Amino acid sequence: MVAVLLLQARPYGAAGAKPATTPGGENLAIIVNQSNPIDDLSLKELRTVFLGERSHWPNGRRITLVMMDQGLVERNAALRDVCHMSETEFGRHFLQGLFTGEVFVSPKTLSTPTGVRKFVFNVPGAIGYVRASDVDETVKVIRINGHRVDDPEYPLRLEARATK
Amino acid sequence: MSQVVNDERAAQGSWGGHLAKSVSGLVARHSSSLLLFMVLCVVVGVGAFMIGDLHTASVQVEKMYAGSVQGLRRIGELQYEAQETRRSTLYALTTNDSNLQVEYADQSREADKLVADGIAQYLAEERAPREIEVGKRLQRDWAAYLKVRDEVLASILEGSPRSIKEAVDLDLSGGVPSFDRVRQDLEEVKRLYDEQATEQRTLVDASSRRSVIRLMGVLVFTLMFASASVWAIQRSKMQNAMRLAKLQMDFVASVSHELRTPLAVISASAQNIADGVVDERKQLAKYGSVIRHHSRQLTELVNQILLFASTHEGRNRYVVRPLQVQEVIGAVLKNTRELAEEAGFAVEEHVDAKLPPVMGDFSAVSQCLQNLVVNAVKYGGTNPKIAIRAFGGNGEAGEKEVHISVEDHGIGIDSTELEQIFEPFYRSPVVTAAQIHGTGLGLPLAKSIAEAMHGRISVVSKVGVGSRFTLHLPAGKVEQTETPEAQRVGQS
């Protein structure tokens, strides 16, 4: 099977950090507030957080998910690799969850990685994602499945993995 | 007299006496210039004082500005930024747009950083204990408010209805009181600056008042001093003019008297001869001798006046050349022999051997010495002895000179008159009372000639003992030339 590459252009500048890339392309970093005690999450745990099925961090802080605008590469990657959903499925999931009371808070939406970073910086229970190259010292990058964002085995890529 | 005369060189070498004499002479001659110089000094002093006072006031105002005014401005800025911190936080409540809320959060954080920096700067400066206490309290209260602000911001950004309600509750319960404490602290700092400014303004006011009073005093003093100086200068000039007028009147009277006596004798003698009262040859010869004597006296008098006038107006042109002192003295003695013999005076002459030539105009130097000899005869008193001596010496700057002195043992000159005798038309009241005739021009003329020859005349005298006048002339020039001063005098 021929690999499908998402070639959407980036609408904003990088934060200047050296991009954490693997042979497959740039990685998607999951960021939390510096005060958050969490350092590592499994992909499964991350999925429960992203789908609003988990409401609080171990320190008691409410979890606030911050997403980027629809259509952006980072959002597509998160939906694909973390939620395993399409945009429509994701929207429907939250609508249904809020209606049934299974989901407590719908995600916040920001249009730039800088906005995401600042949001996470300001909200102790926030979690979000940016390109690895957009990370700075104001936020904390957590490991996924024990892998750092610059590890080759890191599971979250900006582009879809090639499939045979 | 002998002591005074013998000590002439010693007296000339005595710094104290010579200096005092020079200073008193200078003061007398240049009183107006000295007064003007003093006025100038006072004006410069006043100017320096005023500049100093203005500088002090400027430093105080600058200190007040840097300390209180600038401090108040900074506190104003801190108050604004603190409000901005809170305002931006609350603005975030007014929107559901997360992007905008993040912007407001950002603005709030930028403003709070400025406040924190301002407080740190305030504490870093040199402060009184009370100010430091208030500053540290402000720092604590600001940190406490920021802690609440961070929670409020986080709740606002979370964006759920529950978190918004929590944000509002938290702000009301914690944010408002903690921000009030910050506001009170800032007011306290402002009040301290106000007190400081008031204190400094009082100091500046007092300093300004002192400066104004001082300046007024100094200006009044300067004005009075300047007025007194101008008055003194005018008075001095008027007195000089009056003195000169009196001297000229005395001169006219004296000259008239000097002219009238020989003219009366000549006229009476001529009348007697014309009337045939005198017919014997012997008597005629006697009358002729009288007429010749008085005619010569008249001629001498007129010559003296004309010579002084020409010297005074600078019309003389001297030919300066090396002169042998012996020759000059010989000519002087020849011209004055008859006068001395008639008066019964013996003239003793002593010229040092190997004396260098002097630089001067022959007839002018002769005239100068002749005047000194005539004066020695005229004021020689009852001891009819005159001594003319010539010897080598050094000038005031150490240059080689020849000194020619004329010494008598007559009535002498009072020390208070030693300066005046060289002024034109001056006649001592003593000699006027003693009916000794003269014009008051002999010594001024001698002095003018000496100075035109680059020389000078000094005098040592004691009342009732005698006088010694010494002509100092530069020695040693070989080639014939015209002195620049002589040229200047001649051309002016």
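Remember, predicted model here, so these are calculated numbers, not experimental data.

J.: Would you mind showing me how to read the overall build of chain B here?
T.: If you tally the helices and strands in chain B, you get 13 helices and seven strands. Here chain B holds 492 residues, and 27% of them are scored as buried. Counting contacts in chain B only where the partners sit at least 6 residues apart, residues at least 24 apart contribute 76% of the total.

J.: Looking at this structure, how should I read the overall build of chain A?
T.: Looking only at helices and strands, chain A has four helices and nine strands in total. When its helices and strands are written in sequence order, chain A yields β-β-β-β-α-β-α-α-β-α-β-β-β. Within chain A, the fraction of its 164 residues that count as buried is 37%. Considering only residue pairs separated by 6 or more positions, chain A has 71% of its internal contacts joining residues 24 or more positions apart.

J.: Honestly, the interface of chain A and chain B in this entry has me stumped. Any pointers?
T.: It is common to give the size of an interface as the accessible area lost on bringing the parts into contact. On the side of chain B, 11 residues touch chain A, which itself brings 13 residues to the contact. Residue assignment for the side of chain A that touches chain B shows that the elements contributing at least two residues are β6 (108–110) and α4 (113–122) of chain A. For the side of chain A that touches chain B, the element with the most residues is α4(A), which contributes four residues. Across the side of chain A that touches chain B, the residue classes break down as five nonpolar, five polar and three charged.

J.: So what exactly am I meant to see when it comes to the confidence of the model for chain B here?
T.: The predicted coordinates should not be examined in detail at positions where pLDDT is low. Residue and element names in this part refer to chain B. A residue-level look at chain B finds 89% of positions with pLDDT of 70 or above and a mean pLDDT of 82. This model gives residues 1–18 a pLDDT under 50, and the stretch forms 16 contacts once residues within four places in sequence are excluded. Within the model, pLDDT remains below 50 along residues 478–492, and this stretch shows 21 contacts once partners closer than five positions in the same chain are excluded. Model confidence for the complex: the whole-complex pTM is 0.51, and ipTM, which rates the interface, is 0.80.

J.: Looking at this structure, I do not really get the sheet that holds strand β5 (residues 400–408) of chain B. What am I missing?
T.: Sheet strands line up and pair through hydrogen bonds in the backbone, either parallel or antiparallel. Residues and elements named next belong to chain B. Here we have five strands laid out as an open sheet, ordered β2-β4-β5-β7-β6, and mixed in their pairing. Each edge of the open sheet carries a strand with a single partner, namely β2 (346–351) and β6 (456–462). Across this sheet, the average inter-strand angle for adjacent strands is 15°, counted without regard to direction. The pairing of β6 with strand β7 (residues 466–474) spans seven bridges and is classified as antiparallel. Across the sheet, Val460 pairs through a bridge with Arg468, a residue of β7. The strands touched by helix α9 (residues 325–343) within the sheet are β2, β4 (385–394) and β5, with β2 carrying the most contacts at an inclination of about 180°.

J.: I'm lost on α9(B) in this one. Help?
T.: Since one α-helical turn is 3.6 residues long, residues separated by three or four positions face the same way. Residue and element names in this part refer to chain B. In this model, α9 (19 residues) spans 26 Å end to end at C-alpha, consistent with the 27 Å of a helix rising 1.5 Å per residue. Along its length, α9 reaches its greatest deviation from straightness, about 50°, at Thr336. Inspection of α9 places Val325, Val328, Ile329, Val332 and Thr336 among the buried residues, and these make up the whole buried set. The positive-phi residue at the C-terminal boundary of α9 is Gly344, with phi of around 80°.

J.: I tried to follow the sheet that holds strand β7 (residues 126–131) of chain A on my own but got confused; where do I start?
T.: Residues and elements named next belong to chain A. Ordered in space as β6-β5-β7-β3-β8, the five strands form an open sheet in which the pairing is mixed. With one partner strand each, in any of the chains shown, β6 and β8 (139–141) form the two edges of the open sheet. Along the sheet, successive strands turn relative to each other by an average axial angle of 35°, direction set aside. Here strand β5 (residues 64–68) runs beside β7; their pairing, made up of two bridges, is parallel. Paired with Leu65 across the two strands is Ile127, which belongs to β7.

J.: How do you make sense of the packing of α9(B) against helix α10 (residues 362–378) of chain B when you look at a structure like this?
T.: Packed helices, taken two at a time, are described by the angle between their axes plus the distance between the axes. All names here are of chain B. Their axes nearest at 9 Å, the elements α9 and α10 cross at an angle of 25°. In terms of orientation, α9 lies roughly parallel with respect to α10. At the point where α9 passes α10, the crossing takes the right-handed sense. Residue-level contacts link Val328, Ala331, Val332, Asn335, Thr336, Leu339, Ala340 and Ala343 of α9 to Phe362, Val365, Ser366, Leu369, Gln370, Val373, Val374 and Val377 of α10. Tallied by class, residues from the contact of α9 with α10 come to 12 nonpolar, four polar and no charged.

J.: Help me understand the pairing of β7(B), please; the structure alone is not making it clear to me.
T.: Along any regular strand, the residues point their side chains to alternate faces of the sheet. Residues and elements named next belong to chain B. Among the nine residues in β7, eight count as buried, and that is most of the element. In terms of strand pairing, β5 meets β7 through seven bridges, oriented antiparallel. Across the sheet, Ile404 pairs through a bridge with Leu471, a residue of β7. Counting the residues between successive antiparallel strands, the hairpin from β6 to β7 contains three residues, one of them, Gly464, with a positive phi of roughly 80°.

J.: So what exactly am I meant to see when it comes to the nonpolar core here?
T.: Generally speaking, soluble globular proteins have nonpolar side chains that are buried together. Counting 46 residues, the largest nonpolar core has A:Ala29, A:Ile30, A:Ile31, A:Val66, A:Phe119 and A:Val120 as the members making the most contacts within it. Residues within four places of A:Val66 in sequence aside, it is in contact with A:Pro107, A:Lys108, A:Leu110, A:Val116, A:Phe119, A:Val120, A:Ala126 and A:Gly128. Judged by nonpolar contacts, the second largest core, of 42 residues, contains B:Ile329, B:Ile421, B:Ala450 and B:Leu471.

J.: Any chance you could explain helix α1 (residues 43–50) of chain A here in plain terms?
T.: Residues and elements named next belong to chain A. Taken residue by residue, α1 has Leu46, Val49 and Phe50 as its buried positions. Buried residues of α1, seen end-on, are gathered within an arc of 95° and therefore sit on one face of the element. Among the residues trailing α1, Gly52 stands out with phi positive, at a value near 75°.

J.: I tried to follow the pairing of β5(B) on my own but got confused; where do I start?
T.: Residues and elements named next belong to chain B. The buried fraction of β5 is high, at eight of nine residues. With nine bridges connecting them, β4 and β5 associate as antiparallel partners. Within β5, the position partnered with Arg389 by the bridge is Ser405. The antiparallel pairing of β4 with β5 creates a hairpin that spans five residues between the two strands, and Gly398 there sits at a positive phi of about 90°.

Here is what the cut-offs are and how they apply
- Residues numbered from 1 in each chain as written.
- Chains lettered and ligands numbered in written order.
- Predicted model: local features only at pLDDT ≥ 70, side-chain atom pairs only at ≥ 80, totals over all residues.
- Helix = DSSP H or I, 4+ residues; strand = E, 2+ residues; numbered from the N terminus.
- Buried ≥ 20, exposed ≤ 12 C-beta atoms within 10 Å, placed from the backbone.
- Contact = placed C-beta atoms within 7 Å.
- Nonpolar A, V, L, I, M, F, W, Y, C, P; charged D, E, K, R; others polar.
- pLDDT = per-residue confidence, 0-100.
- Pairing = 2+ DSSP bridges.
- Axes fitted to C-alpha atoms, helices over the stretch in contact; angles between N-to-C directions.
- Expected span 1.5 Å × (residues − 1).
- Bend = angle between axes of the 7 residues up to and from the residue.
- Parallel < 35°, antiparallel > 145°, perpendicular 65-115°, else oblique.
- Left-handed = near helix turned anticlockwise from the far one by under 90°.
- Core = buried A, V, L, I, M, F, W, Y, C linked by C-beta atoms within 7 Å.
- Arc of directions from axis to C-beta.

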